[in-house]
Amino acid sequence: MNRFTLTPILERARLCVVAREKNVARYNKKRARELQHDAFRDKTLSVFDRLGDRLEGRGRTILYALIGLIALTLLAGIFTWWRGRHADEARRALGRAIEIAAAPVSSEPQTGPPTGPSFTTDKERAQRAVEEFQKVEAKYSDPYRTLAHYFRAANLLTVDRPNGIKELEGLAHSDNDEVAARAKFALAQAHADDGQLDAAAALYGELAKTNSESIPADTANLQLATVYEKQGKKQEAADVLYRIIEAARNAKDKDGKPAPQSAAARDAAAQLERLDPARFAKLPPEPPRDLPF
């Protein structure tokens, strides 16, 4: 063969070698990936094997633990749902009892369609309210039980005054500070109505110092001034009223503007103007009310 005959043969041979080398390279890469995958699989399987060896013979225990966890989760959900529903029911029951306690009293028959409960005497209304609050107190837990107890005792003053006072005296030492304050206020009113003015003044003074959310200091002090006036202590009454009004007129809100005056402060101003006009004239001027535009 001459040189020209051998050249195509050699070229084909060279191409075959190149193709073979490429195939070998691809095979080597594929094999390397397979070996790497096998190593990862072997390592993973080894971990699971060790975990399986550790858990061997504990399948029943694990199953029971999982069942217990699921049961506890379900019970927690059921209890939360029941508690919310029970609280809603208690609020509605307490609201119905309060509606009865605040129902109108009239000796005239109601005309038109009924809009709510109504009674012909205060005693009839109080008796019905006592019964309704007693139902709430017996069926539900705190805070509804203690609130119902207070309202029952307050209405009991109209039905059975000695027992009402006795129960309010017990509630005055309640762990619930708001209920205790309400009970003291009701007791003070009862003492004032019964002519026990010293006892009433002591309770009002105590409430004024406490300044609770349910019985603010202004409310207690306004009643204290009324008791002082009944006792003939007009100077003491005027002093208390003056302090209520002065503090209210000088009070500022968070923006530094005059704070709105409470109903107790407005009532105190009217009472002081009647009781001691000269002292009323010395008050700081009432701040202007914000215009609606």
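Residues numbered from 1 in each chain as written. Predicted model: local features only at pLDDT ≥ 70, side-chain atom pairs only at ≥ 80, totals over all residues. Heavy atoms only, no water.

1. Remarks on the nonpolar core
Then comes step 1: Formed by 45 residues in total, the largest nonpolar core has its most connected members in Y150, L168, Y204, L241 and L272.
Then comes step 2: Ranked by residues supplied to this core, first place goes to helix α6 (residues 177–193) with 9 residues.
Then comes step 3: Once residues within four sequence positions are removed from consideration, Y204 is found in contact with F185, A188, Q189, A220, Q223, L224 and V227.
Then comes step 4: Counting 14 residues, the second largest nonpolar core, distinct from the first, contains F119, A129, F133 and A148. (Core = buried A, V, L, I, M, F, W, Y, C linked by side-chain atoms within 4.5 Å. Buried < 20%, exposed > 50% of the residue type's maximum accessible area, 1.4 Å probe, protein only. Helix = DSSP H or I, 4+ residues; strand = E, 2+ residues; numbered from the N terminus. Contact = heavy atoms within 4.5 Å.)

2. Looking at helix α5 (residues 161–171)
The periodicity of an α-helix, 3.6 residues per turn, causes residues three or four positions apart to be oriented the same way.
Then comes step 1: Residues of α5 that are buried: G164, I165, L168 and L171. Taken end-on, α5 shows its buried residues confined to a sector of 120°, consistent with a single buried face. Among the exposed residues of α5, those pointing more than 90 degrees away from its buried face are P162 and K166.
Then comes step 2: On its buried face, α5 sits against α4 (144–159) and α6. (Arc of directions from axis to C-beta.)

3. Examining the side chain of R249
Then comes step 1: Turning to its location among the elements, R249 is positioned in helix α9 (residues 234–250).
Then comes step 2: No salt bridge forms around the buried R249; measuring N to O, its nearest opposite-charge neighbour E286 is 4.1 Å away.
Then comes step 3: Dropping the residues within four chain positions of it, R249 is found in contact with Q261, A269, F280, L283, P284, P285, E286 and P287. (Lys, Arg positive; Asp, Glu negative; His and termini not counted. Salt bridge = Lys/Arg side-chain N within 4 Å of Asp/Glu carboxyl O.)

4. Quick notes on helix α8 (residues 217–230)
Then comes step 1: Counted at 1.5 Å a residue, the expected span for α8 with its 14 residues is 20 Å, and the 20 Å between its end C-alpha atoms agrees.
Then comes step 2: Taken together, the buried positions of α8 are A217, A220, N221, L222, L224, A225, V227 and Y228.
Then comes step 3: Buried residues along α8 sit against α7 (197–210), α9 and α10 (263–275). (Expected span 1.5 Å × (residues − 1).)

5. Brief notes about the environment of T219
Then comes step 1: Inspection of the secondary structure assignment puts T219 in helix α8.
Then comes step 2: A sequence separation of 43 residues divides T219 from S262, and the C-alpha atoms of the two residues are 9.1 Å apart.
Then comes step 3: Not counting residues up to four positions away in its chain, the partners in contact with T219 are F185 and A264.

6. Section: the environment of V130
Then comes step 1: Mapped onto the secondary structure, V130 falls in helix α3 (residues 122–139).
Then comes step 2: For V130, a relative accessible area of 8% gives the class buried.
Then comes step 3: As for V130 and A97, which are separated by 33 residues in sequence, their C-alpha atoms are 8.4 Å apart.
Then comes step 4: The contact partners of V130, leaving out residues within four places of it in the chain, are R152, N155 and L156.

7. Considering the packing of aromatic side chains
Then comes step 1: Counting across every chain of the model gives 3 aromatic pairs.
Then comes step 2: A ring pair is formed by F133 and F151, whose centres lie 5.2 Å apart and whose planes are at 15°; its orientation type is stacked. Placement of the pair is F133 in helix α3 and F151 in helix α4, with a sequence separation of 18 residues.
Then comes step 3: What makes F133 buried here is its relative accessible area of 0%.
Then comes step 4: The class of F151 is partly exposed, set by a relative accessible area of 21%. (Phe/Tyr/Trp six-rings, centres within 6.5 Å; stacked < 30°, edge-to-face > 60°.)

8. Notes on the pattern of salt bridges
Then comes step 1: Counting across every chain of the model gives 11 salt bridges.
Then comes step 2: The salt bridge involving R152 is made with E167; its shortest N-O contact spans 2.9 Å. You can see R152 sitting in helix α4 and its partner E167 sitting in helix α5, a full 15 residues away along the chain.
Then comes step 3: When its relative accessible area of 11% is taken as the criterion, R152 is described as buried.
Then comes step 4: For R161, the salt bridge identified is with D194, shortest N-O distance 3.1 Å. Remark: D194 occurs in the loop between α6 and α7 and R161 occurs in helix α5; sequence separation between them is 33 residues.
Then comes step 5: Residue R161 is classed as partly exposed on the basis of its relative accessible area, which comes to 27%.
Then comes step 6: Assessed through its relative accessible area of 37%, D194 is described here as partly exposed.
Then comes step 7: The network of salt bridges with common partners includes R128, E132 and K135.

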